[in-house]
Amino acid sequence: MSTNQYDSLPGQAYIRLITVHPGQFTDDIFVSFHVSLFSDNDPPRYEALSYTWGTEKSTSPVYVSSDRLGTTATLGGSKSILPQLNLEIALRHLRHVDNPRVMWIDALCINQTDDNEKASQVAMMGDIFRLAHRVIAWIGSEENNSNDAMKFLDSLGSQLQLRDNYFHSELIASKDCTWPALRDPDLVLFIEPSIEAAIGHLDARRWFTRLWVVQEMTLANQEAIIKCGSYEMKWSNFVRAWTYIYRGTKRGKVLPSGATNKHEQMDVSGTSESTRRVIPAEAVKTQKRMTVNTSLAGFFLSRNFSMNNLRTALRAFQCSDPRDRLYAIWTLIGEFERKFIPPPDYTRPYAELYTQVTTARMKFDGTLAVLAFCELQNNSLCPSWVFDWSTNHYEDSHIPENFCQTVSQISAQFEFPEPGVLRVMGVFKSKVKQCQTVPVLDDKYPRLTHIMLRALALALGVGLDVTVEDFARVVVGYSFSERFEPSKDDYLSMDEARHVILLIMLGHEFEDSDFIWPSPCAKLLMTMNKSAQPYIKTEDGSIGIPPRAAQVGDEVYLVPGCRLPLLLRPQDNGKFKLVGPCIMPGFMHDEAFLGPLPDNIEYVRIRDNGIDAYTYGFKDVVSGEFSYVDPRFSSLSVTFRDTESFRHAISLRRGYCIIIGPDVLKEKGVVLTQIDIV
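Residues numbered from 1 in each chain as written. Predicted model: local features only at pLDDT ≥ 70, side-chain atom pairs only at ≥ 80, totals over all residues. Heavy atoms only, no water.

Enquirer: With reference to specific residues and values, describe helix α4 (residues 146-158).
Expert: Counted at 1.5 Å a residue, the expected span for α4 with its 13 residues is 18 Å, and the 18 Å between its end C-alpha atoms agrees. Three or more residues of α4 are buried, namely S146, N147, A149, M150, F152, L153, D154, L156 and G157. (Helix = DSSP H or I, 4+ residues; strand = E, 2+ residues; numbered from the N terminus. Expected span 1.5 Å × (residues − 1). Buried < 20%, exposed > 50% of the residue type's maximum accessible area, 1.4 Å probe, protein only.)

Listed below in structure tokens is the structure:
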């Protein structure tokens, strides 16, 4: 629709709604628009459409009439819209045969050529979907046996219920469940290959990659539906079914038919009572698994969205405008983070928006924790110290997420001396002299992985100037069982890792049984990063895991207020570019400023029942006592004004820190130098 066909909205508290007039599937499509006052207290009645725009234009126009009560036979008018093909198909499937349907559809109800109106309406979209009578997720036409997939998921979802609290959810059989595999934990649900393939095609559709749908469906009420072709089902049924398959696939509770010939097969209707789950745990690990779109887990399973979710849980979701990487989640994140994102403004360059948000967050926190999420991107328009949400570089990151989540308890010293420049204080550690990249490794060939590990250990000098323990730390990314409280059996202990790596280095011939779960070999293969993992060695003999963009000549700096060592690249003007964070044994916990942790102290991830969440802190392995406050602070000339408030804030990972001036660090022999990052 051209701009002159839109009348301006009376104000910011108004929205346009569209009436889709009744007709048969092949009839011309007629719609009419009307403007409605929009308020929380008395919202108009409408259905909101969640869909993908697509790039292909329709060849069949949508006719616009001023008559909201007419029929296809009586409506007329010279105005028309040429919508995207996907929207035209959606309208044909959604319009009723005998009754009008009032809807809100962003492509039609927002004047897309008016940036001011678009910004105002985008700011309201969260409320538009939250207050809609019903949200409809249109994922496309019927194809690839989608009806079979939808029917199966509908049936499965209707047999389940959610037992929920704020942090956790558990799917259990509903009271009226008739599927034995859902009622009995000792039964496996086998899914026929045709259904498995149909589900795979279904969750690979473009709708499941659109970032805006996360907001649209998360805010939708219980009336929400998902529609594919002519088949529609409750959105809640779809989510429960997909979640059950996803979790069941990981746990060996859901398997494709033919995954094992040792047991009877259960048909997809779940009526067989005879299939008992007697598969041992180690055998389940080796069974053929269903192919599930794991990127949807962040959408369906995340309970608390944040700006960092875009790097992890929502990394597979896309949007055409990079500014929408932040605008699309604004209503989902907590009020604490929401204040860092300004109101939508589509006249503003996205790099300027990202810089403002990053700067505001740094100033508020008083730390440089955000730098742990930044990795150098050649095509980025942002300064290297600004997290560029427009790129999907988490896929290239080799830094385990748990390290990026940790927060230094030492305050940062930084300023912004000129636009685009971050000035920090730090300590030079060493320069990169060697980069090694292990090729992509396949779980099917564990012995080849061992050969690569042995070659890597030899190249890095393990056993000469590098200890086996430090090599183990970088290979598994510090994911040792003793670093979790309570301990996690899925991970190796340091002693197990050291033993396995020594055997690999000595060329030990492992038996086939050595690779079956839960053997130490199997745990090592599961824990290590096998996707072209890079490694570095510095001139002082340290080794570590760097960002993918690391190269010889990059320099390692330790910066107060950032838990991880930073890799910086010198520029000709004396400034630096941030390449990204590193994992480097001996410098992971502010050792450069506070000295090493006492021998009896481990930095662990712990389940805190008081706040019902996982957090990080310091455990005395002798006494078993746990503290959120770094025990090394007792050696500094600093005092707590409010110890309990500090402990509570640290437990909530709010970025609270101790303000330690240069004089205090100088007493410990630490001299900071000025670093300008561009």
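Picking up after the structure, the text goes on.
Enquirer: Describe the environment of K488, with residues and values.
Expert: Here K488 shows up in the loop between β16 (484-485) and α17 (494-505). On the basis of relative accessible area, K488 is assigned to the partly exposed category, the value being 32%. Not counting the four nearest positions on each side in its chain, K488 is found in contact with S481 and R605. (Contact = heavy atoms within 4.5 Å.)

Enquirer: Can you break down the packing of α17 against helix α18 (residues 520-527) residue by residue, with the values?
Expert: One way to put it is that α17 packs onto α18 with a least axis distance of 10 Å and a crossing angle of 95°. Taken together, the axes of α17 and α18 are roughly perpendicular relative to one another. Along its contact with α17, which presents E496, V500 and I504, the element α18 presents P520, C521 and L524. When grouped by side-chain class, the residues that make up the contact of α17 with α18 number five nonpolar, no polar and one charged. (Axes fitted to C-alpha atoms, helices over the stretch in contact; angles between N-to-C directions. Parallel < 35°, antiparallel > 145°, perpendicular 65-115°, else oblique. Nonpolar A, V, L, I, M, F, W, Y, C, P; charged D, E, K, R; others polar.)

Enquirer: Residue-level account of the sheet that holds strand β12 (residues 231-234), with values.
Expert: Strand order in the open sheet formed by nine strands is β5-β4-β2-β1-β6-β3-β7-β11-β12, and the pairing between neighbours is mixed. Every other strand in the sheet has two partners, leaving β5 (80-81) and β12 as the edge strands with one partner each. The pairing of strand β11 (residues 225-228) with β12 spans four bridges and is antiparallel. The residue of β12 that forms the bridge with C228 is Y231. Together, β1 (14-20), β2 (29-37), β3 (47-50), β4 (62-64), β6 (101-104), β7 (134-140) and β11 form the strand contacts of helix α1 (residues 85-94), whose direction differs from that of β7 by roughly 125°. (Pairing = 2+ DSSP bridges.)

Enquirer: So, helix α6 (residues 193-202): which residues are in play, and what are the values?
Expert: Every buried residue of α6 is listed here: I195, E196, A198, I199 and L202. Buried residues of α6 fall within an arc of 165° about the axis and therefore sit on the same side. For α6, the secondary structure elements touched by its buried residues are β7, α4, β10 (189-191), β11, α8 (235-251) and β13 (254-256). (Arc of directions from axis to C-beta.)

Enquirer: Give me the packing of aromatic side chains: which residues, what numbers.
Expert: Tallied over the full model, the rule gives 24 aromatic pairs. For the ring pair F340 and F364, a centre distance of 5.5 Å and an interplane angle of 70° mean the geometry is edge-to-face. Residue F340 is found in the loop between α12 (335-338) and α13 (350-365), and its partner F364 is found in helix α13; the two are separated by 24 residues along the sequence. Over the face of the ring belonging to Y346 we find K118, whose NZ or CZ atom lies 4.4 Å from the ring centre. (Phe/Tyr/Trp six-rings, centres within 6.5 Å; stacked < 30°, edge-to-face > 60°. Lys NZ or Arg CZ within 6 Å of the ring centre and 35° of its normal.)

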